[in-house]
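So you can see what is in the structure, the chains are spelled out below.
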Amino acid sequence: MTTKHVIATAHTRSIKNRFARRFLRSLLKMKRSNRLGTGFQSNEDIRKRNTQRIKTAADRSMARVVGPRKIWSRALLFKLRNRARIQVGLRNRCLVSKKKKVQRKEKKVQVISREPNRADNLRKLVPGGDSMDICSLLEETAHYIKCLATQVKVMQSIADLYST
């Protein structure tokens, strides 16, 4: 094995270990908060909510492990932070009062359509991809795919551990 390969493998293991620790910490926090399955909801609703919470915990853990070095991790953390703020705002707004909603007319914008190419499709899949040039997009995509593969391996290991 070459030195470059050994360093890359060690770095991947480091990311995998840090992700596993963060993700397990998030799952434990969810379990302690005891909000995984409460209320008078159907089993299907509870399952969907739990699935979304676990997915969010996995995404947040991976993005925090990678840190601000990568565009996709910054974009994902920004998206998750904004989603949390919106949910808190909606919860507070519903508790305060229920006012009539005023419908506003939307401005019509004429869009010149063109066939999306492969890069446009890729930009939709990678967080923050819409603001990248093609070279950065390919580099970020490669890193994002490695991180998703790591996520899958860790989650599979956890599932295997608890299924036996």
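Data block above holds the structure.
Residues numbered from 1 in each chain as written. Predicted model: local features only at pLDDT ≥ 70, side-chain atom pairs only at ≥ 80, totals over all residues. Heavy atoms only, no water.

Asks: How do you make sense of the overall build of the chain when you look at a structure like this?
Replies: When its secondary structure is counted, the chain shows 5 helices and 0 strands. Secondary structure elements of the chain occur, N-terminal to C-terminal, as α-α-α-α-α. When burial is assessed residue by residue, the chain has 25% of its 164 residues classed as buried. Nonlocal contacts in the chain, meaning residues at least 24 apart in sequence, comprise 55% of its contacts between residues at least 6 apart. Just so you have it, the chain exposes about 13,600 Å², and 57% of that area is on carbon and sulfur atoms. (Helix = DSSP H or I, 4+ residues; strand = E, 2+ residues; numbered from the N terminus. Buried < 20%, exposed > 50% of the residue type's maximum accessible area, 1.4 Å probe, protein only. Contact = heavy atoms within 4.5 Å. Areas by Shrake-Rupley, 256 points an atom, 1.4 Å probe, with all protein chains shown as cover.)

Asks: Honestly, the pattern of salt bridges in this entry has me stumped. Any pointers?
Replies: Oppositely charged side chains may form a pair once their charged atoms are brought near each other. Under the counting rule described, the total for this entry stands at 4 salt bridges. Between Asp-59 and Lys-55 there is a salt bridge, and its shortest N-O distance comes to 3.0 Å. You can see Asp-59 and its partner Lys-55 sitting in helix H2 (residues 43-66), 4 residues apart, about one turn around the helix. Overall, Lys-55 belongs to the partly exposed group, its relative accessible area being 46%. Put simply, Lys-70 and Glu-139 hold a salt bridge, and the shortest N to O gap is 3.7 Å. One end of the pair, Lys-70, is in the loop between H2 and helix H3 (71-96); the other, Glu-139, is in helix H5 (residues 134-163), and 69 residues separate them in sequence. (Salt bridge = Lys/Arg side-chain N within 4 Å of Asp/Glu carboxyl O.)

Asks: Before we go on, may I ask you to explain the nonpolar core in this structure?
Replies: For soluble globular proteins, the rule of thumb is that nonpolar side chains tend to be buried together. Formed by 23 residues in total, the largest nonpolar core has its most connected members in Phe-19, Phe-23, Met-62, Trp-72 and Val-126. With 6 residues, the top contributor of residues to this core is H2. (Core = buried A, V, L, I, M, F, W, Y, C linked by side-chain atoms within 4.5 Å.)

Asks: Before we go on, may I ask you to explain the packing of helix H4 (residues 118-125) against H5 in this structure?
Replies: Helix packing geometry: the angle between the two helix axes and the distance between the axes. Taken N-terminus to C-terminus, the directions of H4 and H5 make an angle of 45°; their axes are 11 Å apart at the nearest point. The angle between H4 and H5 falls in the class oblique. Two packed elements cross with a definite hand, and for H4 against H5 that hand is left-handed. Facing Ala-119, Leu-122, Arg-123 and Leu-125 of H4, the residues of H5 in contact are Ile-134, Leu-137, Leu-138, Thr-141 and Tyr-144. (Axes fitted to C-alpha atoms, helices over the stretch in contact; angles between N-to-C directions. Parallel < 35°, antiparallel > 145°, perpendicular 65-115°, else oblique. Left-handed = near helix turned anticlockwise from the far one by under 90°.)

Asks: Any chance you could explain H5 here in plain terms?
Replies: In a regular helix each residue adds 1.5 Å, so 30 residues correspond to 44 Å; H5 covers 42 Å between its end C-alpha atoms and thus fits that length. Taken together, the buried positions of H5 are occupied by Leu-137, Glu-140, Thr-141, His-143, Tyr-144, Cys-147, Thr-150, Gln-151, Val-154 and Ile-158. Near the N-terminus of H5, the side chain that reaches the backbone nitrogen of Cys-135, with its oxygen 3.2 Å away, is that of Asp-133. (Expected span 1.5 Å × (residues − 1). Polar contact = N/O pair within 3.5 Å; in protein donor to acceptor, adjacent residues only side chain to side chain.)

Purely geometric numbers; function is a separate question.
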